[in-house]
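Next come the chains, spelled out residue by residue.
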Amino acid sequence: MSVNPLQPQPFFADKNRAFWNLQSLGWLGTFVLRGASGVANGQELSFLVPVLISTVSGYSVTLLMAVIFRSLLTQRPIITWGVSIIAVIASAALCAFIDAWVFATQNQSSATAGLQLFLGAFYLAVTLLGAWSALYYAINFFLTVEEQADQLQKLELQASNAQLAMLRYQLNPHFLFNTLNSISTLVLLKQTDRANAMLSRLSSFLRYTLINEPTAQVTLEQEVETLKLYLEIEKMRFEDRLRPTFSIDPAVANARLPSLLLQPLVENAIKYAVTPKEEGAEISVVAQPAGENVRIVVSDTGPGLNDIVALPSLSTGVGLANIRDRLFQAYGERHSFEARSTPGGGFSVTIEMPLITEDPMKVAA
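Report on the accompanying structure. (Residues numbered from 1 in each chain as written. Predicted model: local features only at pLDDT ≥ 70, side-chain atom pairs only at ≥ 80, totals over all residues. Heavy atoms only, no water.)

**Structural notes on the packing of helix α2 (residues 48-72) against helix α3 (residues 77-106)**
Stage number 1. Remark: α2 packs on α3, axes separated minimally by 10 Å, with the N-to-C direction vectors making an angle of 165°. Our classification of the angle between α2 and α3 gives roughly antiparallel. Relative to α3, the crossing made by α2 is right-handed.
Stage number 2. Of the residues belonging to the contact of α2 with α3, the class tally is 16 nonpolar, seven polar and one charged. (Axes fitted to C-alpha atoms, helices over the stretch in contact; angles between N-to-C directions. Helix = DSSP H or I, 4+ residues; strand = E, 2+ residues; numbered from the N terminus. Parallel < 35°, antiparallel > 145°, perpendicular 65-115°, else oblique. Left-handed = near helix turned anticlockwise from the far one by under 90°. Nonpolar A, V, L, I, M, F, W, Y, C, P; charged D, E, K, R; others polar.)

**Brief notes about unusual backbone geometry**
Stage number 1. With a phi angle near 60°, lysine 190 is a residue other than glycine that sits in the positive phi range.
Stage number 2. Summarising the element assignment, lysine 190 is placed in the loop between α4 (114-188) and α5 (192-209).
Stage number 3. Positive phi, normally seen in glycine, also occurs at leucine 260, with a value near 60°.
Stage number 4. With respect to the helices and strands, leucine 260 occurs in the loop between β3 (256-258) and α7 (263-274).
Stage number 5. Taking the relative accessible area as the measure of exposure, leucine 260 reaches 6% and is therefore buried. (Buried < 20%, exposed > 50% of the residue type's maximum accessible area, 1.4 Å probe, protein only.)

**Structural notes on the pattern of salt bridges**
Stage number 1. The final tally for this structure, using the stated rule, is four salt bridges.
Stage number 2. Here glutamate 352 ties to arginine 295 by a salt bridge, and the two come within 2.7 Å at their closest N and O atoms. In this pair, glutamate 352 is assigned in strand β7 (residues 347-354) and arginine 295 in strand β5 (residues 293-300), connecting sequence segments 57 residues apart.
Stage number 3. Judged by its relative accessible area of 17%, glutamate 352 is buried.
Stage number 4. Using a relative accessible area of 27% as the deciding quantity, one classes arginine 295 as partly exposed. (Salt bridge = Lys/Arg side-chain N within 4 Å of Asp/Glu carboxyl O.)

In structure tokens, the structure reads:
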């Protein structure tokens, strides 16, 4: 996945750089606040010297603390917290000793006792380093949780893609079973020219459909072209008994949907509407806008649902259930699927799904 240099990157995208930015800005802010507070309280500018030394000491000591804390992140909690507290106290004592020594050196005439200086500096150092440590662990905890959430999202995406791929691959043997059975019938009838022509068109159909990844989405226009290629194969078997019609509103021609989503519906219509009737049947594919959705209706003039149930089934059982599963994987609850007999005979399936015209794979990249 390419990174756009002009697109703002997350602050913690580079953890090492984020640490140094926070470390430098944090201690710079500490120096400015302490210095401004001293000047506001009437301190001379020379007061900034011990503040600067204290800031440099804190900056350096926290770098060592960061190394220690980093090694403690994967330890048991009792070890992590115990060693961390010891590290904070030891570091605060070191910073307090440096601060007290600098103050005593700069103010040799001061009557403040050395222990008193040390305790005052120690209290400030413990507060400051304790806050630094808490922030360090809080940020690392946040990054750990965020990383786990990202990994979970990737695993869910991989699982979803695997499910989509499995559903798509189920269609291949289902379709091939019926088509090869038709070719076998033509061979038995010694209609070798028609069998060869059907094999040639089958090859073209498979080449066309296998170009796309199993999880890819295509435009409705491409899906219709695939259906027409499939129907050319079946047309050789049923001739005038198979009468397909298409009515695709140009407003939804670029709507995206999972590839080969409609093919099982047309295949079922051929099997249950065209095959059992001597005069054949009409198969209609209609697509039009429905608010912010696209509505697709695949219908036929066959015997309808009741008669279909009574017919012996040679199906591999992946038709309508496969489509429902693929729609749910692609759109979640943002779709509807309805299969019913039409008045006066026939069967129709109505699908409504979001009208999306952009490739989600390209958008994610």
